[in-house]
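# Residue-level structural notes
What follows is the residue order along each chain.
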Amino acid sequence: MNTNIKKIAVLTSGGDAPGMNAGIRAVVRTAIYECMQVYGVYRGYQGLIEGDMVELKSKSVGNIIQRGGTILKSARSEEFRTEEGRAKAHEHLKAKGIDALVVLGGDGTFTGAEVFSKEYNIPVIGVPCTIDKDLSGTDHTIGYDTAMNTVIEAVDKIRDTAISHNRLFFIEVMGRDAGYLALRSGIGVGAEAILIPESPTYIDRLIEKLEKGRRSNKSSGIIIVAEGNEEGGAYKISKLVKERFDHYEMKVSVLGHMQRGGSPSANDRLLASQLGYNAVLGLKDGLSGVMVGKIHKDIKFSPFKEVIDHDATINEAFLKMVDVLSI
Ligand code: F6P
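Residues numbered from 1 in each chain as written. Predicted model: local features only at pLDDT ≥ 70, side-chain atom pairs only at ≥ 80, totals over all residues. Heavy atoms only, no water.

### Comments concerning unusual backbone geometry
For K73, which is not a glycine, the phi torsion comes out positive at approximately 60°. With respect to the helices and strands, K73 occurs in the loop between strand 3 (53-56) and helix 3 (83-96). If you check the backbone angles, N217 has positive phi at about 70° while not being a glycine. Residue N217 is classed as exposed on the basis of its relative accessible area of 69%. (Helix = DSSP H or I, 4+ residues; strand = E, 2+ residues; numbered from the N terminus. Buried < 20%, exposed > 50% of the residue type's maximum accessible area, 1.4 Å probe, protein only.)

Right under this line is the structure:
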């Protein structure tokens, strides 16, 4: 089907992710190429509620592919969760004659998109942008690769000082509900242990591991703790360990929002360009209520509902591998 979409809007919502700008650029330029007019909405759904939008031309998105953050700014809108809020948002779209929407964000963004799209029968396509990678329907999300590299660079530096002072570091990595970033980056830095929300934390086992390391003359170590770890973050875990094992001087580093910033990696630029481009083609083909993703080498469109209810299981083989590789 070839729809008659003439005007679209694009917005970024939720936590920003490196590569969002590359995604915006791809959406805007593809739409213009397809003879559509494009509006950029500022501050996500909140900006939509307030009618805060401008028309974007091809030049408006020049020189942004390499920039972190989002030129459209982002927000988490409580008001969009209400019927009244969404009604205001719809009024602004109607007033501008906008036929369809492309939203860049994560699960919260797509939850809002799903409701809005059904409520007002307006075509919406999502582009997955989150450093947490907690969506199905795509192998990778935009921003994840860059964030992983940021974590690896930071932890490598911390390891230098850990070794110099014979210290044990507990490093907290972002991931409120998902441990992908912590797990993959932890493997990349050769962490002694990785604690994530998807797997229970056994303090006994951790201490046993540290004891073993000490017996084999390990003089320092790195424990990666995902922010959403059930037993607690890096401060809490370091305290629990210290109560029963005090052979090292212990330090805590919370990497925080630096993980969300920075120039996007090559992989994220490529993924954002491909997904932004295909999001517009999807709209043109009459798709709605779906997220565009990439699985293996193929572009796939999956219903919002499916990508949000993602399977939170983690690759157990990876956790086993961490144990083996850190002996
Ligand atoms: O972008 C996702 C995420 O980084 C989570 O891992 C983290 O818990 C959350 O965002 C923090 O977001 P904010 O700083 O916007 O509250």
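### Details of the sheet that holds strand 8 (residues 221-226)
The strand order 7-8-6-9 describes an open sheet built from four strands, whose pairing is parallel. In the strand order of this sheet, the two ends are held by strand 7 (193-195) and strand 9 (249-254), each with one partner. For this sheet, the mean angle separating the axes of adjacent strands, direction not counted, is 20°. (Pairing = 2+ DSSP bridges. Axes fitted to C-alpha atoms, helices over the stretch in contact; angles between N-to-C directions.)

### Some details on the domain arrangement of the protein
Taken domain by domain, the protein consists of domain 1 (7-143 + 264-308) and domain 2 (146-260). Computed over C-alpha atoms only, the centres of domain 1 and domain 2 are separated by 34 Å. Taken together, the contacts link 13 residues of domain 1 with 11 residues of domain 2. Buried surface at the junction of domain 1 and domain 2, summed over both partners, amounts to about 1,000 Å²; 51% is from carbon and sulfur atoms. It is I131, D132 and K133 in domain 1 that bury the most area against domain 2; as a group they hold 46% of the surface buried on that side. D16 is the partner of R260 in a salt bridge, and the nearest nitrogen-oxygen pair spans 2.8 Å. On inspection of domain 1 and its partner domain 2, the count reaches five residue pairs in polar contact (both at pLDDT 80 or more). Split by residue class, the side of domain 1 that touches domain 2 holds four nonpolar, three polar and six charged. (Domains from an automatic or database assignment. Contact = heavy atoms within 4.5 Å. Buried area = accessible area lost by both parts, 1.4 Å probe. Salt bridge = Lys/Arg side-chain N within 4 Å of Asp/Glu carboxyl O. Polar contact = N/O pair within 3.5 Å; in protein donor to acceptor, adjacent residues only side chain to side chain. Nonpolar A, V, L, I, M, F, W, Y, C, P; charged D, E, K, R; others polar.)

### Topic: the nonpolar core
Of all hydrophobic cores here, the largest spans 60 residues; its most connected members are I8, V10, V102, V127, L181 and I224. At eight residues, helix 5 (residues 144-165) tops the list of elements feeding residues into this core. Taken domain by domain, the makeup of this core includes at least three residues from each of domain 1 (7-143 + 264-308) and domain 2 (146-260). Beyond its immediate stretch of four places on either side in the chain, I8 contacts V27, A31, M36, Q37, V38, Y39, I98, A100, V102, V280 and L283. If you look at the next biggest cluster of nonpolar residues, it comprises 23 residues, including I49, M53, I98 and I122. (Core = buried A, V, L, I, M, F, W, Y, C linked by side-chain atoms within 4.5 Å.)

### Describing the site of the ligand
In the vicinity of the ligand, the residues found are G15, R76, I131, D132, M174, G175, R176, E227, H257 and R260. Taking D132, its side chain carries an N or O atom lying 2.8 Å from an oxygen atom of the ligand. Measuring from an oxygen atom of the ligand, one finds a side-chain N or O atom of R260 at 2.9 Å. If the ligand stood free it would expose 400 Å²; the protein chains cover 79% of that surface. Its residues assigned to classes, the shell around the ligand comprises two nonpolar, three polar and five charged. A domain-level breakdown of the shell around the ligand finds at least three residues from each of domain 1 (7-143 + 264-308) and domain 2 (146-260). (Near = heavy atom within 4 Å. Areas by Shrake-Rupley, 256 points an atom, 1.4 Å probe, with all protein chains shown as cover.)

### Regarding helix 5
With 22 residues, helix 5 extends 31 Å from end C-alpha to end C-alpha; this agrees with the ideal 32 Å at 1.5 Å per step. Turning to helix 5, its buried residues are Y144, D145, T146, A147, M148, T150, V151, A154, V155, I158, R159 and A162. Looking at the buried residues of helix 5, the elements they touch are strand 6 (167-173), helix 6 (180-189), strand 8, strand 9 and helix 9 (266-284). N166, located one to two residues past helix 5, shows a positive phi value of around 50°. (Expected span 1.5 Å × (residues − 1).)

### What about the sheet that holds strand 10 (residues 290-295)?
Within the open sheet, the seven strands sit side by side as 3-2-1-4-5-10-11. Their pairing is mixed. Edge positions in the sheet fall to strand 3 and strand 11 (298-303), since each has one partner strand and no second. This sheet shows a mean twist of 30° between the axes of neighbouring strands, independent of strand direction. Judged from the two bridges that link them, strand 5 (residues 124-128) and strand 10 form a sheet pairing that is parallel. Within strand 10, the residue paired with G126 across the bridge is M291. Strand contacts of helix 4 (residues 107-120): strand 4 (100-105), strand 5 and strand 10, with the helix running at about 165° to strand 4, the strand carrying the most contacts.

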